Each structure stands twice: as C-alpha cells, then as structure tokens.
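Structure at a glance
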Amino acid sequence: MRFEPRRTKTVSPRNRRLRVTGGALCAAALAATLVTGCGQDSGDETAAETSEAAKVLPNQTTSPSGSVSGSPSGTAQLTEDQTERKELLSTVKVTYDKAAATAVGEVSGGKLTDLDLEGLDDEDDDDATGSPSPTGSPTGSPTGGTSPSPEATSSPSGTGSPSPSGSAGSPKWVAEVVEKDGTAHNVTIDAVSGDVIDFAPDADQSDADKQELAAQIAKATQTPQQAAKVALARQKGWVTSMALDENDSQVLVWKVDVVSKGWNKTTFDVDAVKGTITDEQIDED
C-alpha cells in the first residue's frame, strides 16, 4: 500500500466578443436609422441594447482561471480514489510527524523504517476506515506540520502501553520501527486520538531480513522527517506514507506519498543519503 503537476492559462475572449457584439449592434442600429429615419430614437435604443449586452456577456465568458487548482469545488468531479482520500483525511487529527515520534518512542533506540495511513487506496482496509464524514475538511497543516486542532497538538504519551480501546472505525497509522540489530517491531496508532493500540515484534522476520534492515538503517543518513520535508517542499499537502527501500537502481531511498489539496497522490523517491528527489510519480485517479 502506498498512500501515492501544470496548467496553462487561456486568455479570455471577453473583450473580443464584446467588440464583435457591439459592432453587430451598431450595424443593426444603422440599418434601423436608414429605414425609419429616426436617428435620435435609434441611437437611444442602440445604447440600451449595448448596455444589456455588456451585462450578459461577462456571465457567458467567465474565465476558469479564477479557480484554485488545489481546491476541489465539489465531490461530483472527484474520482473514486480522490473521494476516498478526501473522506479519510477529513477524519485524521494525528499528523505523520506525531505518529512517527509516537512509534519510535515505543522501541528504545529504534528507527522508523515504514509509516502508512491505513485505508488509503487500499480496499482491503475499508473496514478499518469506518464511515468518515465526506463533508469534513482535513485537519492538520497542508505542509505536514502540526494540526491546529487542540486534539492533534497534544503529544501522544508513547508509554509503551497500548490502549485496548482504540476508537472503533478510526483511521490508523501503521509503523515499523527497527532496532540496531535489525529486529523490527510493528506499532499501530489511532490517527484520531494518537493512542498506541497495538505493539508487537515482527514474528515473520528471518535472519536475512534483520541483516538487510540493519544495513539500511545504518546507511540512511536522512531521517524520514527530513525526507518528508523535501517532498513537501516540492508538493504541498498531507504526508500519508513513508518507507525506506531500494529503488530500481538499487539506490536507498525514502518513498514518500503526499496527497495534495486537489486529492491527487504523488510518490517521491528521496535519496536516503543525499536528501535529493530522484523520482516522482503522480497518481491522478
């Protein structure tokens, strides 16, 4: 699961259409003058018609450039995936950085290697997302910082005592935290309350898995938070996933998913050593 830009402006033809319409009206007025011989009355009628045309034409040539590309005007124009992202993020109060800090706090000396917002673009996790309100607006800063909500600004306790009564149906952050020797632990955090609702070692790890993870965390000089800031500098939005992995060129990278205000998801590959973006993929579905 991976919680996954350019527009040209067109010149409004308003002035040209006004000139054409005005010209047509003047021609009509001239014809009326020749037929009726009432120059003064025809001029008054033409002025009135021109005034009415000036009122109507602007409404017919409204330019779309006034709309903000990242601001969805209605759910009717959103795709299924975009609607899903909007609905899920509207319920999240714990931002990625707070979830990361909580997860790392559960493992002494551990380092975060994976963090995902459960339920995003993943049909298998539908039961975990509950039924969020589609009319809510996402909480938290679009830049991935702390949320202005009082609930989100309070720091989760991270005491190592998972809460057995996590909010039913709440979105969840699922994290992997690795010890220096490569031993991985899975930490699940309620994305609304910030409570730890599950914490357990990864029982499926092999010795080879541990060795690989130990080598990766030793090599990565960029923290996941630093990688997220690099991604957010390129695309403002909400960080929904971070994972330490090798790309197709065997370069160790942080894969960071950012959902924009337009509800599109972009996945950035950030070099885990140099801190530079090596690749980005936009999912506009």
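Residue numbers here run from 1 along each chain, matching the order of that chain's written sequence. Under the rules for a predicted model, residues below a pLDDT of 70 receive no local features and side-chain atom pairs below 80 are neither given nor counted, while totals for whole chains, interfaces and linings still include all residues. The side-chain values count all of the structure's non-hydrogen atoms but skip hydrogen atoms and water molecules.

1. A few points about the overall build of the protein
Here a helix means four or more residues in a row that DSSP labels H or I, a strand means two or more in a row labelled E, and each is numbered from the N terminus. For the protein, the count of helices and strands is eight helices and eight strands. Classification of residues uses two cut-offs on accessible area relative to the type maximum, computed with a 1.4 Å probe and protein chains only: under 20% is buried, over 50% is exposed, and between them is partly exposed. The buried share of the protein, reckoned over its 285 residues, is 41%. Surface accessibility follows the Shrake-Rupley procedure with a 1.4 Å probe radius. Residue values consider only the protein chains on display as shielding. If you sum the accessible surface of the protein, you get close to 15,300 Å²; carbon and sulfur atoms cover 50% of it.

2. Quick look at the confidence of the model for the protein
Per-residue confidence from the prediction method is given by pLDDT, with values spanning 0 to 100. With 56% of its residues at a pLDDT of 70 or more, the protein has an overall mean of 72. Working rule for contacts: check all heavy atoms of both residues, and any pair within 4.5 Å makes them a contact. Here residues 45–74 is modelled with pLDDT under 50, and outside its nearest four sequence neighbours on either side it reaches 24 contacts, counting other chains as well.

3. Here's the deal with the sheet that holds strand E4 (residues 196–201)
Whether parallel or antiparallel, the strands of a sheet pair through hydrogen bonds between backbone atoms. Two strands are counted as paired when DSSP detects at least two bridges linking them. Judged by pairing direction, the sheet is antiparallel, and its eight strands sit side by side in the order E4-E3-E2-E1-E5-E6-E7-E8 without closing on themselves. The open sheet has two free edges, formed respectively by E4 and strand E8 (277–283), since each of these has just one partner strand. Averaged over all pairs of adjacent strands, the angle between their axes in this sheet comes to 20°, without regard to strand direction. As paired strands, strand E5 (residues 238–246) and strand E6 (residues 252–259) are joined by eight bridges and run antiparallel to one another. Looking at E6, one finds that Asp-245 is bridged to Val-253. Note on geometry: axes are C-alpha line fits, over the in-contact stretch for helices, and angles between N-to-C directions span 0 to 180 degrees.

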